[in-house]
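Reading the structure
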Amino acid sequence: MSDYGFDEELGAYSPIRMWAEPVEGKLYSLGVDTAEGLGHGDQSCIQVLRVDNGEQVACYCERIPPDLIAIIAVRMARLYNGGLLVVEANNHGIATLNVLRNSGYRSIYRRRQVNRLYNRVTEEYGFKTTRSTKPLVINALDEALPQHRGHHPGGRDHRGVEGLRARRGRPHGWEPVR
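Report on the accompanying structure.

What counts, and where the lines are drawn
- Residues numbered from 1 in each chain as written.
- Predicted model: local features only at pLDDT ≥ 70, side-chain atom pairs only at ≥ 80, totals over all residues.
- Heavy atoms only, no water.
- Buried < 20%, exposed > 50% of the residue type's maximum accessible area, 1.4 Å probe, protein only.
- Helix = DSSP H or I, 4+ residues; strand = E, 2+ residues; numbered from the N terminus.
- Arc of directions from axis to C-beta.
- Contact = heavy atoms within 4.5 Å.
- Phe/Tyr/Trp six-rings, centres within 6.5 Å; stacked < 30°, edge-to-face > 60°.
- Lys NZ or Arg CZ within 6 Å of the ring centre and 35° of its normal.
- Pairing = 2+ DSSP bridges.
- Axes fitted to C-alpha atoms, helices over the stretch in contact; angles between N-to-C directions.

1. A closer look at helix 2 (residues 93-103)
- For helix 2, the complete set of buried residues consists of Gly93, Thr96, Leu97 and Leu100. All buried residues of helix 2 lie within an arc of 100° about the axis, which places them on one face of the element.
- Elements that come into contact with the buried residues of helix 2 comprise strand 4 (28-33), helix 1 (66-79), strand 7 (84-87) and strand 9 (120-125).
- Gly104, located one to two residues past helix 2, shows a positive phi value of around 95°.

2. Some details on the packing of aromatic side chains
- Applying the stated criterion across every chain, the model contains 1 aromatic pair.
- The ring centre of Tyr118 lies 5.4 Å from the NZ or CZ of Arg120, which sits over that ring.

3. Things to note about the sheet that holds strand 7
- Spatially, 3-6-5-4-7 is the arrangement adopted by the 5 strands of the open sheet, whose pairing is mixed. The sheet is open, and its two borders are formed by strand 3 (16-18) and strand 7, each paired with just one other strand. Within this sheet the neighbouring strands show an average axis-to-axis angle of 15°, counted without direction.
- The pairing of strand 3 with strand 6 (residues 56-62) spans 3 bridges and is antiparallel. Opposite Arg17, over in strand 6, you have Cys59 as the bridge partner.
- Of the strands in this sheet, strand 3, strand 4, strand 5 (44-50), strand 6 and strand 7 are in contact with helix 1, which crosses strand 5 at around 15°.
- The sheet strands contacting helix 2 are strand 4 and strand 7, and the helix crosses strand 7 at an angle near 150°.

4. Description of the pairing of strand 6
- Of all 7 residues in strand 6, 6 are buried; the element is thus mostly enclosed.
- The sheet contact formed by strand 5 and strand 6 spans 6 bridges and is antiparallel. Note on strand 6: the bridge partner recorded for Ile46 is Tyr60.
- Between strand 5 and strand 6, which pair antiparallel one after the other, the connecting turn spans 5 residues, and Gly54 there sits at a positive phi close to 75°.

Taken by themselves, the reported measurements are silent on function.
Given below as structure tokens:
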């Protein structure tokens with residue numbers, strides 16, 4: 001499958017890129033990083049990975065409001081065999097998760113968390129970036145984004161990879177790159 005990110009005939013940019021069609025019986029995971037959706041801010045991105053080999057098969061990056069990225073994420077997840085949506089549950093990701101929960105789509109990552117107020121374990125939607133999880137993410141990025149290579153193993157989208165590389169060394173984590 002070819003790169004659908006740029007149509008040379010029209011000279012038009014498309015926010016979606018697909019390199020591989022879904023393979024029947026294979027599992028897919030879709031990472032969703034939600035931004036505010038303003039014209040001057042960061043882009044929201046969806047990265048689609050085939051679980052068995054880590055291959056990046058599709059991505060979507062655009063400045064789009066949190067509710068609309070949820071709709072696109074569900075459509076992409078359904079296309080890729082009902083893939084698991086893993087949404088960052090910070091800031092604007094909460095709005096995305098609310099739309100997803102109300103959409104009827106059920107394959108959404110949940111984490112177990114101890115509710116100290118009621119002294120019981122609850123399930124919360126999405127991946128929470130905290131002081132504890134941020135170093136784990138940064139270390140995983142260091143391993144996944146080798147210094148001496150121009151790309152992520154199995155990755156094809158230079159926009160996402162370069163954005164992650166630029167953010168990796170920032171003292172406060174995921175600050176926007178200007």
